[in-house]
Amino acid sequence: MRAFNFLCCWLLALSPSLVLANPSDKEPYGPLDLHGQEYAPEMHATAKQLFDRSKDDLAKIESQFKSKDVDKIKPAVVGKTHAAINQLRRLGARLRQLGEPAGAEFELRAQMQHQMLASVLQQMKNVPNAQRGIDAIRSEAGQLAQARAKQIPKLQKLIDQNNWREADKELYEIFDEIEPYLTFLSVEDRASILSPFREVAATIDMKATQDRQRLALESLVKRRDELRPDFPKLLADVQAATASVGKAGKHNMDGKDLTGPELIAHFDQAWRQAHVAHCKALGVAWAYEAASQQVPSPERQALLDAYAKFTTEVGPALAALVKADTARVNASGVAALYTAYLPPVADLLDHATGAPVETPLTAALDELAKKSPEFAAQVAAYRAVTDETLRWKARVAEEQAKAKAAEHEPVEQRALRAFKRTDSAVGLFAMDAADTKKAWISDAAATTLIKDSPQAIGQKATANAITALPGSSQAGIAQYNARIYTRVPLAMEKMADGAKSLEIALFSSEKSPPLSLAATRALRSARRGDLVQVGGTIGGVYLEGHLTRFATLPEAAALLLPLGTSPDSYGQQDQLEQVVLRFDLQPTWLRHQYFVVEVP
Amino acid sequence: MRRLSQVPLAGLLVLSMALCGCGDVADSVQKTANQVQQSVTKTVESAKTQVQEKMEMAGSSELTVEGPVKTAACYAIFTPAVAGRPSVLSLRSYRQAESEAFPAMFVQANVSAATLPELVGQTVSATMFVKPTAEGPTWSTAGETTVQVKIVAVEGSNVTAEVTGGTLTRSDGGATQNAVGKFTAVVP
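About the criteria used
Residues numbered from 1 in each chain as written. Chains lettered and ligands numbered in written order. Predicted model: local features only at pLDDT ≥ 70, side-chain atom pairs only at ≥ 80, totals over all residues. Heavy atoms only, no water. Helix = DSSP H or I, 4+ residues; strand = E, 2+ residues; numbered from the N terminus. Buried < 20%, exposed > 50% of the residue type's maximum accessible area, 1.4 Å probe, protein only. Contact = heavy atoms within 4.5 Å. Areas by Shrake-Rupley, 256 points an atom, 1.4 Å probe, with all protein chains shown as cover. Lys, Arg positive; Asp, Glu negative; His and termini not counted. Charge placed at Lys NZ, Arg CZ, Asp CG, Glu CD. Core = buried A, V, L, I, M, F, W, Y, C linked by side-chain atoms within 4.5 Å. Buried area = accessible area lost by both parts, 1.4 Å probe. Salt bridge = Lys/Arg side-chain N within 4 Å of Asp/Glu carboxyl O. Polar contact = N/O pair within 3.5 Å; in protein donor to acceptor, adjacent residues only side chain to side chain. Nonpolar A, V, L, I, M, F, W, Y, C, P; charged D, E, K, R; others polar. Phe/Tyr/Trp six-rings, centres within 6.5 Å; stacked < 30°, edge-to-face > 60°. Lys NZ or Arg CZ within 6 Å of the ring centre and 35° of its normal. Pairing = 2+ DSSP bridges. Expected span 1.5 Å × (residues − 1). Arc of directions from axis to C-beta. Axes fitted to C-alpha atoms, helices over the stretch in contact; angles between N-to-C directions. Parallel < 35°, antiparallel > 145°, perpendicular 65-115°, else oblique. Left-handed = near helix turned anticlockwise from the far one by under 90°. pLDDT = per-residue confidence, 0-100.

Asker: I tried to follow the overall build of chain A on my own but got confused; where do I start?
Answerer: The helix and strand tally for chain A stands at 19 helices and nine strands. With the principal axes as the frame, chain A shows a C-alpha extent of 105 × 55 × 40 Å. Within chain A, the proportion of its 600 residues that are buried is 54%. Contacts in chain A between residues far apart in sequence, at least 24 positions, make up 77% of those at least 6 positions apart. When the accessible surface of chain A is totalled, it reaches about 26,100 Å², and 52% of it is carbon and sulfur. Measuring between centres, the 72 positive side-chain charges of chain A sit 2 Å from its 73 negative side-chain charges.

In structure tokens, the structure reads:
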């Protein structure tokens, strides 16, 4: 073995934007996404690059190891790799302090890489004449440590100034420089060589950790509290709107006069925004719990309670708005008002399936119709010629889908089978798990993905309750259910055919809109691409941090959970290891409530 | 829900004996009759419907779907046109969805007539659904296809019609067959 020189070639200049997000079957080494942007991105990018370089180096080392060229393995490379793994573990721990699942996963990667290196290291130490090389390394390490010990007074000065960030940075620059040499040395040697730094290191480690902890928690609390939606205000807004609508049939909202129906649409959107904010606040609350090791926190329950309260009150509140409008309107204005209410109420009912809104709103609309007996008769006649058509179409669609689903498995079931822990595979679910409610990593994500994804990819599966994503993505997401959700491309041309058929069956045209809530919901959901179920082939698997998924929920994915539903959470210490599985499903058939289309 | 075939003869026997006030009744017949009475569910609307259906006063439809299928009743509902919608004729084997029993049938056609009698002799294009059993598949007109139904006669509140063409598709698997059916419907 040759003694080695050490250049700081691996102090890296980094660009966080290069980091791939979330591990998947195709990119198993993608790191878990972050939710915090204040302190985490730089560490995250560094960790990723360290891992990648070590991965390449380990591959080379392993091939030399396998071809029995142990004495050709360069100690410098092994030392550098060992030190990089160490640094990765440290960054992982620091990201954990910020409540980042990515940190937990980086720690597991460090463990994995360390294990890969350990047996190589042992063999190298047993190579003939290794002892001479080790002696030389020890000597060099000692000299390097002595030279760097001259910086101790500077470190002490930083300690006296309480400048923990700088002190930590300088201390670990020194340690990271010496670490490669320590790879081949014993624990006693390490302690002896680093002994000059023992005192300052103890102080800096303790204080810098406390400082980081304080900043992390402050940041998380701030983010959580800023995100927390103001549900009482939202309810008060509905009540204020109700009062205005009762007098004048409109209410001024953000500088614009909105009618009753427009207000329903407005509050639907406001609720969706509050729902997203609630999910994000909850995600950050869980991150805070992980970072502060206080699980569960009282704030989490406060968030859940506030949403639960709003959910029970909002249905009657919105129904009261419709009723106020009903009290104000003349019989001659009923038809126009009723037909104007149908679309926004239909959309709201489709969005808020997790809340008790259907009964009060349906009742309020019925009351409105009845204010004009003539119009009520028209509605009754319309229902007489459409309700049964819808009922039978729904029945046929259900039977068609059931037949098609015969060779498919619900995606949750496939997930459980593919990713269950066994004696030989680490997996995500307990060996005796009956469902996917608890999913967590106990090894690098890549290990699990590489081993288990093949049991899911290419398999036939169904997913339920798909909401079309807004915009031009032409895709939908299946509702989140027990740590699983699914993304599905939607064949919108096929859906358009189904929607057109429904229009004809429901006597619907621009001049003559549908007169029942059921018909309105049928048409609008068909045009959007909302589906009861899809069946197809699993094309991809992704892992995401559980709390990250909700802490970073985008507005476009508001209906990952229906309005009125909170994401699941269970208070356990392994918050940061908990994951969510996302599947990509390539559909072969789409089931709308009233028709099924095949996708070629 | 009870089908015509489930209403036992013994029930009729008890009814008629109660009406005539006959005293001497064989024990075994009385016991059977009691058991029958106890097993009849008693909701007001379905009791009335059941009586009508028992007495074959509620029409019937005879269809062929992988074999003969006969519904216990058949009702005709005519909804006159309004702005934006034509008149609609529907034939169904139940009064309300809640009282649906199997075999079940639903036919609906847009028609160009202001009243039901005007339809006599006309052939209309209809959507059609037939479900012989609760657990089995539904046969129906696929997509925007229709079956042709000829309105043969309208006499008072009785409507006779028959299917003259068209195809029905099975919900599971997609097998098709020619639509065959005769309707003797009552206007409820």
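There's more to say after this.
Asker: Sorry, what's going on with the overall build of chain B here?
Answerer: The secondary structure content of chain B amounts to three helices and 12 strands. Counting across all 188 residues of chain B, residues that qualify as buried make up 41%. Within chain B, residue pairs in contact and separated by at least 24 positions form 48% of the contacts whose partners lie at least 6 positions apart. Here chain B displays about 9,600 Å² of accessible surface, and carbon together with sulfur accounts for 56% of that area.

Asker: Whenever I open this one, the nonpolar core confuses me. Can you help?
Answerer: Inside soluble globular proteins, nonpolar side chains tend to come together where they are buried. Residues and elements named next belong to chain A. One finds Trp271, Phe419, Leu581 and Phe583 to be the most contacted residues of the largest nonpolar core, which totals 98 residues. When residues in this core are grouped by element, the largest group, nine residues, is from helix H12 (residues 334-351). Once you skip the residues sitting within four places of it in the chain, Phe583 turns out to touch Val411, Ala415, Phe419, Ala456, Ile484, Tyr485, Thr486, Arg487, Ile538, Gly540 and Val541. Listed in part, the 56 residues of the second largest apolar core include Phe51, Leu117, Ile134 and Ile159.

Asker: Is there a simple way to think about the interface of chain B and chain A in this case?
Answerer: Buried accessible area, meaning the area lost when the parts come together, often serves as the stated size of an interface. On the chain A side, the residues contacting the 27 residues of chain B number 18 residues. Across the chain B to chain A interface the summed buried area is about 1,800 Å²; carbon plus sulfur atoms make up 58%. It is Arg85(B), Phe129(B) and Ser171(B) in chain B that bury the most area against chain A; as a group they hold 26% of the surface buried on that side. One can count three salt bridges joining chain B with chain A. Residue Glu100(B) is joined to Arg395(A) by a salt bridge in which the shortest nitrogen-to-oxygen separation is 2.7 Å. In this assembly, chain B and chain A are joined by 11 residue pairs in polar contact (both at pLDDT 80 or more). Of the residues forming the side of chain B that touches chain A, the biggest block, five residues, is contributed by strand S5 (residues 104-111) of chain B. Its residues assigned to classes, the side of chain B that touches chain A shows 12 nonpolar, nine polar and six charged.

Asker: What is the right way to read helix H15 (residues 411-418) of chain A from this model?
Answerer: Every α-helix winds through 3.6 residues per turn, so residues three or four apart in the chain are directed the same way. Listed in full, the buried residues belonging to H15(A) are Val411(A), Arg414(A), Ala415(A), Leu416(A) and Ala418(A). Looking at the buried residues of H15(A), the elements they touch are strand S3 (409-410), helix H16 (445-452), strand S4 (460-468), strand S6 (484-489), strand S7 (531-545) and strand S8 (579-591) of chain A.

Asker: Help me out: how do you make sense of the packing of aromatic side chains in this one?
Answerer: Both the distance between ring centres and the angle between the ring planes are used here to describe each pair of aromatic rings. Residues and elements named next belong to chain A. In total, this model carries 12 aromatic pairs over all chains according to the counting rule given. The ring of Tyr288 carries the charged tip of Arg224 above its face, separated from the ring centre by 5.2 Å. Cation over ring: Arg395 sits above Trp392, and NZ or CZ is 4.6 Å from the ring centre.

Asker: Looking at this structure, how should I read the pairing of S5(B)?
Answerer: The side chains of a regular strand alternate between both faces of the sheet. Residue and element names in this part refer to chain B. Taken across its eight residues, S5 has seven buried, putting it largely inside the fold. Bridge count between S5 and strand S6 (residues 123-131): six bridges; the pairing is antiparallel. Counted as the bridge partner of Val107 is Met128 from S6.

Asker: Just to check I follow, could you spell out the pattern of salt bridges for this structure?
Answerer: If the charged atoms of two oppositely charged side chains come close together, the side chains can form a pair. If you walk through the whole model with that rule in mind, you get 51 salt bridges over all chains. The partner of Arg214(A) in a salt bridge is Glu218(A), with the nearest N and O atoms 3.3 Å apart. Residue Arg214(A) and its partner Glu218(A) are both found in helix H8 (residues 198-227); the two are separated by four residues, about one turn of the helix. For the salt bridge of Lys131(B) with Glu399(A), the shortest nitrogen-to-oxygen distance reads 2.6 Å. Of this pair, Lys131(B) sits in strand S6 while Glu399(A) is found in helix H14 (residues 373-404), placing the two residues in two different chains.

Asker: I'm lost on the side chain of His44(A) in this one. Help?
Answerer: Inspection of the secondary structure puts His44(A) in helix H1 (residues 40-66). Within the structure, the side chain of His44(A) is placed 2.8 Å from the backbone oxygen of Leu32(A), a separation counted as a polar contact.

Asker: Is there a simple way to think about helix H9 (residues 231-248) of chain A in this case?
Answerer: Residues and elements named next belong to chain A. Taking 1.5 Å of rise per residue, 18 residues should cover 26 Å, and H9 covers 26 Å from first to last C-alpha, within 8% of that figure. When we look at burial in H9, the residues that qualify are Phe231, Leu234, Leu235, Asp237, Val238, Ala241, Thr242 and Val245. Buried residues of H9, viewed axially, fall in a sector of 150°; they line one side. Away from the buried face of H9 by more than 90 degrees, exposed residues Pro232 and Lys247 are located.

Asker: Explain the packing of H12(A) against helix H18 (residues 517-528) of chain A to me, please; I cannot follow it from the model alone.
Answerer: Angle between the axes and distance between the axes are the two parameters that describe a pair of packed helices. All names here are of chain A. Packing of H12 against H18 leaves a shortest axis separation of 9 Å and a crossing angle of 70°. The angle between H12 and H18 places the two elements in the roughly perpendicular class. For the pair H12 and H18, the crossing hand works out as right-handed. Taking contact as the criterion, the partners of Leu342, Pro343, Val345, Ala346, Asp347, Leu349 and Asp350 in H12 are, on H18, Leu517, Thr520, Arg521, Arg524, Ser525 and Arg528. Looking at the contact of H12 with H18, its residues break down into six nonpolar, two polar and five charged.

Asker: So what exactly am I meant to see when it comes to the environment of Val152(B) here?
Answerer: Residue and element names in this part refer to chain B. Relative to the assigned elements, Val152 resides in strand S8 (residues 147-155). For the pair Val152 and Pro103, spaced 49 residues apart in sequence, the C-alpha separation works out to 23 Å. With near-sequence residues (within four places) excluded, Val152 lies in contact with Val120, Thr160, Ala161 and Glu162.

Asker: What's the story with the confidence of the model for chain A in this structure? I'm lost.
Answerer: In regions of low pLDDT, the predicted coordinates are not meant to be interpreted in detail. Residue-level pLDDT values for chain A average 93, and 96% of them are 70 or greater. Counting contacts from residues 1-19 of chain A, a segment whose pLDDT is below 50, to residues more than four positions away or on other chains yields 41 contacts.

Asker: Whenever I open this one, unusual backbone geometry confuses me. Can you help?
Answerer: One can expect most non-glycine residues to show negative phi and most peptide bonds to be in trans. The omega angle of the peptide bond from Val295(A) to Pro296(A) is -10°, so this bond is cis rather than trans. In this chain, Phe102(B) is followed by Pro103(B) through a cis amide linkage whose omega measures 5°. Tracing the chain through its elements places Pro103(B) in the loop between strand S4 (87-92) and S5. With a phi close to 70°, Asn129(A) is a non-glycine residue in the positive phi region.

Asker: Would you mind going over the environment of Asn163(A) with me for this structure?
Answerer: All names here are of chain A. Here Asn163 shows up in the loop between helix H5 (152-160) and helix H6 (164-182). Overall, Asn163 belongs to the partly exposed group, its relative accessible area being 27%. Linking Asn163 and Ala208, residues 45 residues apart in sequence, is a C-alpha distance of 8.6 Å.

Asker: Help me out: how do you make sense of the pairing of strand S12 (residues 181-186) of chain B in this one?
Answerer: Taken together, the four bridges between strand S1 (residues 60-64) of chain B and S12(B) define a ladder with antiparallel strand orientation. The partner of Ser61(B) across the bridge, within S12(B), is Phe183(B).

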